[in-house]
Amino acid sequence: MNSQDSMRQFKAGIFQSLAHPTRIFIVETLAAGELTVGKLCDAVGIAQSNASQHLAVLRNKHIVEARKEGNQIYYRLRDPLLGQVLETMRRYFLAHAADAIKVLAEGQSTAPVSEQE
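In what follows, the accompanying structure is described.

About the thresholds
- Residues numbered from 1 in each chain as written.
- Predicted model: local features only at pLDDT ≥ 70, side-chain atom pairs only at ≥ 80, totals over all residues.
- Heavy atoms only, no water.
- Core = buried A, V, L, I, M, F, W, Y, C linked by side-chain atoms within 4.5 Å.
- Buried < 20%, exposed > 50% of the residue type's maximum accessible area, 1.4 Å probe, protein only.
- Helix = DSSP H or I, 4+ residues; strand = E, 2+ residues; numbered from the N terminus.
- Contact = heavy atoms within 4.5 Å.

### So, the nonpolar core
Logical step 1: Among the nonpolar cores identified, the biggest contains 19 residues, and Leu18, Ile26, Val27, Ile63 and Val64 are the most heavily contacted of them.
Logical step 2: When residues of this core are traced back to their parent elements, those giving at least two are α2 (21-30), α3 (37-44), α4 (48-60), β3 (72-77) and α5 (81-110).
Logical step 3: The biggest single contributor to this core is α3, with 4 residues.
Logical step 4: Once residues within four sequence positions are removed from consideration, Val27 is found in contact with Leu18, Leu58, Ile63, Leu77, Leu82 and Leu86.

Okay, here's the thing in structure tokens:
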């Protein structure tokens, strides 16, 4: 396997670990800064048992890091760059959503009068 294939495998692994809306929400939330598990669960709106499963996936791919302080566990993104990647994906979605709305609006304005009624 050459270096390009290795890079593609790496990227695929990251995208696979993000292939769940809850995990994306967790990463987006942690992009704003480190949080305790409890605060993260509150922010994302999930139970701690559910969060633990998702955080395990993210930890295994080295997307998030944990540290313990007293009886609290804090999570943070290993690299804030991933938050920027998700922000870029948000902008990509919005750009294409606007295009789809524009096409729909143009289609309605050029439809024959009988179809607009």
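Read on for the rest.
### A short note on the environment of Phe25
Logical step 1: Take Phe25: it is sitting in helix α2.
Logical step 2: Of the residues examined, Phe25 reaches a relative accessible area of 37% and is grouped as partly exposed.
Logical step 3: Along the sequence, Phe25 and Val44 sit 19 residues apart, while their C-alpha atoms lie 6.6 Å from each other.
Logical step 4: Apart from the residues lying within four places of it in its own chain, the contact partners of Phe25 are Ala43 and Val44.

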